[in-house]
Amino acid sequence: MKKSFLFIIISSFLLLPVLADDGWDDFSGIDHAWDGQKSITNKEFEEAIDTLEGNQKKKEAKKRKKLIKKIGGGGTSLHSELSPDSDILDMDPLKKDENSGGSLLNVPVNLVVDGGVLDKGFYKVIAQKEEDGIYLLFYQSQYFKGKVKAVQTEDDFDEEYIDFVKLIPLNNNTVRIIYGSLDYNAYAVVKFVSQ
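Residues numbered from 1 in each chain as written. Predicted model: local features only at pLDDT ≥ 70, side-chain atom pairs only at ≥ 80, totals over all residues. Heavy atoms only, no water.

**Student:** Where do I start with the pattern of salt bridges in this structure?
**Tutor:** Should the charged atoms of two oppositely charged side chains come close, the side chains can pair. Taken as a whole and assessed by the stated rule, the structure comprises two salt bridges. Linking glutamate 130 and lysine 147 is a salt bridge whose minimum nitrogen-to-oxygen distance equals 3.3 Å. Remark: lysine 147 occurs in strand β6 (residues 143-153) and glutamate 130 occurs in strand β4 (residues 121-130); sequence separation between them is 17 residues. We classify glutamate 130 as partly exposed; its relative accessible area is 26%. (Salt bridge = Lys/Arg side-chain N within 4 Å of Asp/Glu carboxyl O. Helix = DSSP H or I, 4+ residues; strand = E, 2+ residues; numbered from the N terminus. Buried < 20%, exposed > 50% of the residue type's maximum accessible area, 1.4 Å probe, protein only.)

**Student:** Got a minute to help me understand the side chain of asparagine 110 in this structure?
**Tutor:** Here asparagine 110 is to be found in strand β2 (residues 110-113). Within the local environment of asparagine 110, its side chain forms a polar contact with the backbone nitrogen of lysine 120, the two atoms lying 3.0 Å apart. (Polar contact = N/O pair within 3.5 Å; in protein donor to acceptor, adjacent residues only side chain to side chain.)

**Student:** In this structure, what is going on with the packing of aromatic side chains? I would like to understand it.
**Tutor:** Two descriptors summarise a pair of aromatic rings, namely the distance from one centre to the other and the angle between the planes of the rings. If you walk through the whole model with that rule in mind, you get three aromatic pairs. Taking the centre distance of 6.2 Å and the plane angle of 80° together, the rings of phenylalanine 157 and phenylalanine 164 count as edge-to-face. There is no split in this pair, since phenylalanine 157 and phenylalanine 164 are both buried. One Lys or Arg, lysine 147, reaches over the ring of tyrosine 135 and ends 4.7 Å from the middle of that ring. Here the basic side chain of arginine 176 rests over the ring of tyrosine 187, its NZ or CZ set 4.4 Å away from the ring centre. (Phe/Tyr/Trp six-rings, centres within 6.5 Å; stacked < 30°, edge-to-face > 60°. Lys NZ or Arg CZ within 6 Å of the ring centre and 35° of its normal.)

Written out as structure tokens, the structure reads:
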């Protein structure tokens, strides 16, 4: 057993240099690796880059057209103005929706409105212009509950949307109601009673 183990070790040391030479033969031509290369000019390089970028732009245009076709349907529409290739020339101005019915307001206190008390609750608030100014009208369902005279303003109160109504506490007995719509922006300072 010892003799065979010794024989294997000695023969591996003898074969190692022979095997190592075969591996290094592959790298003997490394000095001549660049001999067949052709040098290119800056102009040729730029033309090659332009060609690659042109192909990329064609791919992007094709992908965009495919996306439009997927979203808008295939081909042209029955209506020529709905074609994906046509430009939008002008848009109709925003029109007031007569069925919108105002904005919803949560009133957490009892407001003094028209000499009476408007109970806590949710109210639909609509602005209405009359001869002597703008009024905020409070409705619950289809029932009119009261109105408050408001001051028209150009201030949009830094609100995110065009249509809004909010109740902001001012002090221990008054609140400020701000209202905004496509037609008017207004505010009203209203007293409240605590019960």
